[in-house]
Structure formats: structure tokens, C-alpha cells
Amino acid sequence: MSRTLVEKIWDAHVVKREESFPDILYIDTHLIHEVTSPQAFDGLRKRGIPVFRPKQTVATADHNVPTLNQHLPIKEELSRYQVDMLTKNCAEFGIELYGLGHPYQGIVHVIGPELGITLPGKTMVCGDSHTSTHGAFGAIAFGIGTSQVEQVFATQCLLQQKPKTMKIEVNGTLGKGVGAKDIILYIIAQISAAGGTGYFIEYAGTAIQALSMEARMTICNMSIEMGARGGLIAPDQTTFDYIKGREFAPKGAEWDKELAYWKTLYSDADAQFDKVLSFKAEDISPMITYGTNPGMGMGITEHIPAIKSQPESEQFSYQKALEYMGFEDDKEILGRPVDYVFIGSCTNSRIEDLREIASFVKGKQKASDVEVWIVPGSKQVEKQAIQEGLDKIFEAAGFQLREPGCSACLGMNEDKIPAGKYCVSTSNRNFEGRQGPNARTMLVSPLTAAAAAVTGKISDIRELL
Amino acid sequence: MRKFEKLKSRVVPLPIENIDTDQIIPARFLKATTREGFGENLFRDWRFDSNNQPKADFIMNNPTYSGKIMVAGKNFGCGSSREHAAWAIQDYGFDVVISSFFADIFKGNALNNGLLPIQVSDEFLDVIFQAVTKNPNTELVIDLENQTVLLAETGDQESFEINPYKKSCLINGYDDIDFILNNKNLIEEYEQSK
């Protein structure tokens, strides 16, 4: 029978299927971090049971860590305690930890792929909604809550309803200055922040196939921002080339065996999806969000949609969002001044993102009244950036290259955007207060962020290339 | 896990759409390492101003409204997977959240903690909002066994869907780990087959 890629991987991981019960789904790899794991470890202690498969679990500290002076003890007491708890829990339960000071430390969704832990055909989970990032490799990867973290600790399995499947095709060629971030912001703006709820999404089409692995990760990362359980892309030569030679990737005969399996991982030509959407790459321009959920996005030269153009039942929430942002409907955003530029997060903090920004800002200066933070996704990204001399380019431009972590994406550490200030951000969420109480976030691509940094205002990158 | 069977209570209406988990419990309050105490910071930045004074215009600061049932606009609980959102709602004193649409992860987290998420139609959600606007003392009756939500005063009623397995977990107060652990031999068989 014809099956979609999601069905192929899912079915290969079902331990038990029973009428009117969720499937017991086997989880190959469990990633953990300091924020959503402590209560799960506590649960194990209360039950008096160990982590069932500690070797299939990998930990890092990312959400709370400072992005300056990481060699010093964490100043903020509660953050330090939470990071210390992770260290203690990992030692007690026999889990490998890439904590602060480790050369592999970084944002959990950046280190999995770069270390070759993320592989096609795997099932992967993490107590973090952006686990969908790993789907870029043709894996079933999704975020879970802490009770489920405890389930996976205890059993290496999850009780899960098989999700519905959706295919989103993007065909054609992207225009100048338009990248993966613009594709995903465009899709979310088209189908809304709830448009993918209940589905697992497969991204396909010529514009997706043409993307690098890092760009594919940006796309899959934001699947959750339209409510989807996860998103994935069928693995191809681009995928295999990226994985080969990475630290924990299969080697030798094992590689050949795995590769042969990975090549079977695609949706059959006549496989049935529950929903299919199709978009044209040529219709996508550099995107920006103007509201307080990722579905409130538009082309950067467009006007904010009128309140009266919204369904009547949604007008109150819509107006509330614009008031929070200090914006008026039917006006444009282009040219508005910017206070902060944040380049980082599991969406856009990889070496390609940094290279792209460096090639644009080389020889340019940031605008004098803008603060620019670049937070690399991992120690390895940071090291690579320095080896390539990108740090010098950023320094000359007045951009601050900091140390790895989730940083101002969610402001759990000191990296907060002050109340009322406007931040152009390469991260994934523009919710109220996400980057700090009353901070105002506009989500964009790395290039559009760099353009704002240099001009001090919302700018069309296409005019500057 | 707490058991749930039947509940009759007044409601707190939040007619706002796309309430994300960053609003329910902002990230800066996720540093605790236990499950307790998050209720204090439920909707922190909507409830309190920057000087920690209650904002008079937020409905949870209005004594006219109280109860164990929260009723919110569609796509409730979107965004971050933080289970702390479900813990905060429960810790504050809610046992049920009603909306016309829930984000997947939030819904799962709620069920795993004995907090009942009830999805009703857009029309019925509107009926509830209107009834509560008219009379803040409006009571709802939640019957999990029969899967119904009833407006006590008017008799308006709607049934809701819930996975039969999850329903039995709530009624009996047991959780997924107990269920999976009973199948441990199958897990080991699966591993050996790979």
C-alpha cells in the first residue's frame, strides 16, 4: 500500500497498536535541556525507576545560559540552580551532558544536526516545541511536555495518536534577497498560526529541494508556529552529504547500510495526504511580522491589513495585537525605526546564517542608535565563525558576537529587550513579552535583520543587495 | 494524577484568540524545578503591571468573575511546549479549560495532568461568552462520563469529544507511564527486532 513518508517512519516505530488506544511509539533519540527536565527526573525518583535507555538521551544547557562570560559562574541564582540541577540529574541517571564549557554545547536543535545525532528515519523528541527542526533530515521529530519527557525517560516510548498528514509544496525559484525564513513566514501568514494543528507536514517541491540543510532546518523549525505537530523533508543527496563525516554519524559498513535505508524514505508517488497545499516561490517577498503571533506576517513593503478586513469575531484580538505593537492598521512598516536587532535562536543561528549576514555587512557599519546582538547556535558555530574571520567583520560593523544559547529568543537569561522597544529578530515567536515584558518583536530573515541593523530602520533588503 | 468526574462551577471568560503559553506563564518564571507554585504567575503580564500592581481591566482581577472553569478564544495554548502552562492554570485553581480549538501540545499536557481541555463549537463558545456577560453567576456543568457541557441556567448543552483512553485515565486517575510500563516486554522485543 502507498504510504507517506510520515507513515513509513511512524509505522516502523510502533511497538503496540490497539483499537481505540494511542500507539505506543518507540523513540530513538531523546534530547533534553535544563528547563523542561527537572520535574521529569523528580518523577522518576518518586517512582523509584531509572532512565530506561540513558545512551539514547543527550543533554545540553541552552535556555538559561548567559551569552557573555560563560566561563564565569551564572550570576542569576535561579538560572544557575536550574543548570546545576541538570548537571546533577545527568550524572545521577547516566546521561551524556554537553553543558557550559563543553565544546559541543549549544542550542539543542543546533547541536543535534551538527553532531550527526539527527538522522533520517529516526523518531526524536525533546521537551521543546522547536524539536520539529530535526525533521529537515527526514526524521519524525516533535516537541513534548514534561510528563512525556518522564514517559520517554521511563520507557523510551510515548503514547501517541498517529497524526494527520499535510503536504506543502513550494515550487519555482526564489527571488533575490528571499530565503528559507521568508518561505516559512509566508506559509504561516497564508494558513494562520493554527492552520497546521493536528497535522504532520511534509514540505516538498522544487524550491524546497533546492535548499541547503540549514535552510531546510529553518523551515521545519517553524512548523509548530502554524500549530503542526512537526514538519519534515524527504532526505536526498543534500542530506546525505551534510551528515557524512559528522561526529556521531554512522561510519564504514554501517554508513552503507543506513544510506541504503535512508534512500527508501520518501512518500510514495500515489500516497494520500489528508491535505495538500501548493505555493509559488515567485510570490514570496522578504517577510516581516507586524503582530503578536507568527501568522501576522506580510511582505515587507505591504500595508498592515485593515482591522475591518478581519473576521468580526477576530477583530478584538487583532486590534489588541496592533495596540501592543504600537502600530496602526492600513499603514506600512517600511522605514520605521528599530532599537534592537537579534540574530540567533534555533531558527537562524547556524554558520550559513552568519556567513550570509557577514557577506552583506562586510565594509558596512551598524546604525548608531541600534544595538545588534549575534548569538551563535553552538560552540562549534562560534568556533567556525572565528576560524573564518566572521567575528572580525561583525566587530568592524559594530555587531556584538556573543556566546551560544537561546538568549533573547525567549529572554530567560539576561538578554531581554526593554519594554516598548522594537526588536527585529531572526527568532521564531513574536508573542507579547516573548523577548522581555512589553518588548515588541518583528520576525524576519537574517538578511532583513542585517539590513535593519545597517540602516537603523525596517528596510527592503532587495534595495540594498 | 487527580481524578475527574463531574464539575459544576462558575466560569472566568477570556474572549481572546491565540492565547499562547508565553502569556499563560512567561519564560522568566520557568526556572522552578518543581511543579508547584506556578499559579501565582499565571497570565503574569496581563494580571500585573511592571510595578506588580494588579491591572484593574484584566478579568481575573475582577471579583465579579470566578470559578474552576476558564473559557477562552480559539487556538488556546499555542506556542511553547512548556507544561508549566498547564501546571499554572491548575495551580491557580482551574480544573477545566473550554475553547473552540486547542493547540496539540497544550491539550496533551493538560490531559496528562488531569486538567480537562474541552473543545466546543464556535457557536457554543459564543453562547457561553454571552451568557456569562449577561450573568456573571452563570454556572456550567461538566459531565466527563457523558461528555457534555451544560449551561445550568438555560439548559443549553453540547457534547464534546475525548479519546476513550484519555477519558478512562482522567476518571481513574492513572497516567501513560503506568500504561506503557505494563508493556515493557513488548518494548524490549521491539528493540531486539531492530
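Keep in mind that this is a model prediction, so the values were computed, not measured.

Asker: Would you mind going over the overall build of chain A in detail, with residue names and values included?
Answerer: Scanning chain A for helices and strands turns up 15 helices and 19 strands. Scaling as 2.2 N^0.38, a compact globule of 465 residues should have a C-alpha radius of gyration of about 23 Å, and chain A matches this with 21 Å. Buried positions account for 64% of the 465 residues belonging to chain A. In chain A, of all internal contacts separated by at least 6 residues, the share reaching a separation of at least 24 is 76%.

Asker: Please set out the overall build of chain B residue by residue, giving values where relevant.
Answerer: Looking only at helices and strands, chain B has 8 helices and 7 strands in total. Seen along its three principal axes, the alpha-carbon backbone of chain B occupies a region of about 60 × 45 × 25 Å. Evaluated residue by residue, chain B yields a buried proportion of 58% over its 194 residues. Taking the intrachain contacts of chain B between residues at least 6 apart in sequence as the baseline, contacts between residues at least 24 apart amount to 65%. Summed over all atoms, the accessible surface of chain B reaches about 8000 Å², with 45% contributed by carbon and sulfur. Averaging the coordinates of the 20 positive side-chain charges in chain B and doing the same for the 29 negative ones gives two points 4 Å apart.

Asker: Please give an account of the domain arrangement of chain A that cites residues and values.
Answerer: Residues and elements named next belong to chain A. Annotation of chain A at the domain level lists domain 1 (5-275) and domain 2 (290-459). The C-alpha-based centres of domain 1 and domain 2 are spaced at 24 Å. Each partner contributes to the interface: domain 1 provides 42 residues, whereas domain 2 provides 43 residues. Carbon and sulfur atoms make up 54% of the surface buried where domain 1 meets domain 2, a total of about 3200 Å² over both sides. Linking domain 1 with domain 2 are 1 salt bridge.

Asker: Let's hear about the sheet that holds strand β3 (residues 96-99) of chain B: which residues, and what values?
Answerer: Residue and element names in this part refer to chain B. Pairing is mixed in the open sheet, where 7 strands are placed in the order β4-β3-β2-β1-β5-β6-β7. Two strands lie at the open edges of the sheet, namely β4 (116-119) and β7 (157-159), each paired on one side alone. Taken pair by pair, the neighbouring strands of this sheet meet at an average axis angle of 25°, ignoring direction. Here strand β1 (residues 6-14) runs beside strand β5 (residues 139-143); their pairing, made up of 5 bridges, is antiparallel. Counterpart to Lys6 in the pairing with β5 is Asp143.

Asker: Report on the packing of helix α2 (residues 38-47) of chain A against helix α3 (residues 77-93) of chain A, specifying residues and quantitative values.
Answerer: Residue and element names in this part refer to chain A. Remark: α2 packs on α3, axes separated minimally by 10 Å, with the N-to-C direction vectors making an angle of 40°. Overall, the two elements α2 and α3 adopt an arrangement that is oblique. Handedness of the crossing formed by α2 with α3: left-handed. Where α2 abuts α3, its residues Pro38, Phe41, Leu44 and Arg45 lie against Gln82, Lys88, Asn89, Glu92 and Phe93. Class assignment for the residues of the contact of α2 with α3 results in 4 nonpolar, 2 polar and 3 charged.

Asker: Just give me the short version of the UniProt feature "binding site: [4Fe-4S] cluster" (unreviewed entry) in chain A, but keep the residues and values in it.
Answerer: All names here are of chain A. Using the residue numbers shown here, the UniProt feature "binding site: [4Fe-4S] cluster" (unreviewed entry) corresponds to Cys346, Cys406 and Cys409. In summary, the annotated positions, though distributed over 64 residues, converge in three dimensions, the widest C-alpha pair being only 8.8 Å. Mapped onto the elements, Cys346 comes out in the loop between β15 (340-343) and α12 (351-361). For Cys346, a relative accessible area of 7% translates into the label buried. Ignoring anything within four residues of it in the chain, the contact list for Cys346 reads Ile107, His109, Val110, His130, Thr133, Asn221 and Asn428. Topologically, Cys406 is positioned in the loop between β17 (400-401) and β18 (422-425). Not counting residues within four places of it along the chain, the set of residues in contact with Cys406 comprises Asp62, His63, Ile107 and Phe342.

Asker: Explain unusual backbone geometry residue by residue, including any values.
Answerer: If you check the backbone angles, Asn69 of chain A has positive phi at about 55° while not being a glycine. With respect to the helices, strands and loops of the structure, Asn69 of chain A is situated in the loop between β4 (57-60) and α3. In this model, Asn18 of chain B sits at a positive phi of 55°, which is unusual for a non-glycine residue. Following the sequence through the fold, Asn18 of chain B ends up in the loop between β1 and α1 (21-24).

Asker: With reference to specific residues and values, describe the packing of aromatic side chains.
Answerer: The tally for this structure, following the rule as stated, stands at 24 aromatic pairs over all chains. Between Tyr104 of chain A and Phe248 of chain A, the aromatic rings sit 6.3 Å apart at their centres with planes inclined by 85°, giving edge-to-face as the arrangement. Here Phe248 of chain A lies in the loop between α9 (237-243) and α10 (252-262) and Tyr104 of chain A lies in the loop between β5 (96-98) and α4 (108-114), a separation of 144 residues in the sequence. Judged by relative accessible area, which is 40%, Phe248 of chain A ranks as partly exposed. Ring centres of Tyr92 of chain B and Phe94 of chain B lie 5.5 Å apart, and the angle between their planes is 15°; this geometry places the pair in the stacked category. Feature note: the residues Phe21 of chain A together with Tyr165 and Phe179 of chain B constitute an aromatic cluster, connected by ring pairs. Lying over the aromatic face of Tyr266 of chain A, Lys8 of chain A brings its terminal NZ or CZ to 4.2 Å of the ring centre. A cation over an aromatic ring shows up here: Lys164 of chain A above the ring of Tyr199 of chain A, its NZ or CZ 4.5 Å from the ring centre.

Asker: Break down α10 of chain A for me, with residues and values.
Answerer: All names here are of chain A. All of the buried residues along α10 are Trp255, Leu259 and Trp262. Projected onto a plane normal to the axis of α10, the buried residues spread over an arc of 60° and lie on a single side. Of the exposed residues in α10, those oriented more than 90 degrees away from the buried face are Ala253 and Lys257. Close packing links the buried residues of α10 with α9.

Asker: Lay out the side chain of Gln70 of chain A in plain terms, naming residues and giving numbers.
Answerer: All names here are of chain A. For Gln70, the position within the fold is in the loop between β4 and α3. A polar contact of 2.8 Å, which involves the side chain of Gln70, links it to the backbone oxygen of Pro66. Polar contacts involving the side chain of Gln70 include one to the main-chain carbonyl oxygen of Pro404, which spans 2.7 Å. Ignoring anything within four residues of it in the chain, the contact list for Gln70 reads Val65, Leu100, Gln105, Lys379, Glu403 and Pro404.

Asker: Go over the interface of chain B and chain A, please, and point to the residues and values.
Answerer: Across the boundary between the two partners, chain B contributes 53 residues, which contact 64 residues of chain A. When the two sides are added together, the surface that chain B and chain A hide from each other amounts to roughly 4800 Å², 58% of it contributed by carbon and sulfur. The three residues of chain B that bury the most area against chain A are Lys31, Thr33 and Tyr190 of chain B, which together make up 15% of that side's buried surface. Counting every contact that joins chain B to chain A gives 7 salt bridges. Here Asp178 of chain B and Arg47 of chain A are joined by a salt bridge, their closest N and O atoms 3.4 Å apart. Put simply, chain B and chain A have 27 residue pairs in polar contact (both at pLDDT 80 or more) between them. Every element with two or more residues in the side of chain B that touches chain A is listed here: α1, α2 (44-47), α3 (84-92), α4 (104-111), α6 (164-172), α7 (176-181) and α8 (184-193) of chain B.

Calculation notes
- Numbers given to residues run from 1 along each chain, matching the order in which its sequence is written.
- Following the order in which they are written, the chains are lettered starting with A and the ligands numbered starting with 1.
- Given that this is a predicted model, residues contribute local features only at a pLDDT of at least 70 and side-chain atom pairs are listed and counted only at 80 or more, while totals for whole chains, interfaces and linings are drawn from all residues.
- Derived side-chain values reflect all non-hydrogen atoms in the structure, with water molecules and hydrogen atoms excluded from consideration.
- Comment: elements are numbered from the N terminus, with helices defined as DSSP H or I runs of at least four residues and strands as E runs of at least two.
- Here the globule rule is a power law, 2.2 Å times the number of residues to the power 0.38, and the radius of gyration is based on C-alpha atoms.
- When accessible area is computed with a 1.4 Å probe and restricted to protein chains, residues below 20% of their type maximum are described as buried, those above 50% as exposed, and intermediate ones as partly exposed.
- Any two residues having at least one pair of non-hydrogen atoms within 4.5 Å are treated as being in contact.
- Using a 1.4 Å probe, the Shrake-Rupley method yields the accessible areas, and only the shown protein chains count as cover for residues.
- Counting rule for charge: Lys and Arg are taken as positive, Asp and Glu as negative, and neither His nor the chain ends is counted.
- Where a charge lies is defined by one atom per residue type, namely NZ (Lys), CZ (Arg), CG (Asp) and CD (Glu).
- Here the bounds of each domain stem from an automatic or database domain assignment.
- The buried area of a pairing is the accessible area, by a 1.4 Å probe, that goes missing from both parts when the two are put together, added over both.
- Think of a salt bridge as a Lys or Arg side-chain nitrogen and an Asp or Glu carboxyl oxygen that are within 4 Å of each other.
- At least two bridges found by DSSP between two strands is the condition for calling them paired.
- To define axes, lines are fitted to C-alpha atoms, for helices over the stretch in contact only, and angles between the resulting N-to-C directions are given on a 0 to 180 degree scale.
- An angle counts as roughly parallel when it lies under 35 degrees, as roughly antiparallel when it exceeds 145, as roughly perpendicular when it falls between 65 and 115, and as oblique in every other case.
- Whether a crossing is left-handed or right-handed is set by the direction in which the near helix is turned from the far one by less than a right angle, anticlockwise for left-handed and clockwise for right-handed.
- For this classification, the nonpolar set comprises Ala, Val, Leu, Ile, Met, Phe, Trp, Tyr, Cys and Pro, the charged set comprises Asp, Glu, Lys and Arg, and every other residue, Gly included, is treated as polar.
- UniProt positions are given in the numbering used here, feature names are shortened, and annotations may be inferred rather than shown by experiment.
- Stacked, edge-to-face and tilted are the three classes for Phe, Tyr and Trp ring pairs, Trp counted by its six-membered ring, which pair at centre distances within 6.5 Å; planes under 30 degrees apart are stacked, over 60 edge-to-face, the rest tilted.
- Two conditions define a charge sitting above a ring: the NZ of Lys or the CZ of Arg must be within 6 Å of the ring centre, and it must be within 35 degrees of the ring normal.
- Along the arc lie the directions from the helix axis toward the C-beta atoms.
- Think of a polar contact as two N or O atoms within 3.5 Å of one another; within protein, one of them needs to be a possible hydrogen donor and the other a possible acceptor, and neighboring residues in sequence only count if both atoms come from side chains.

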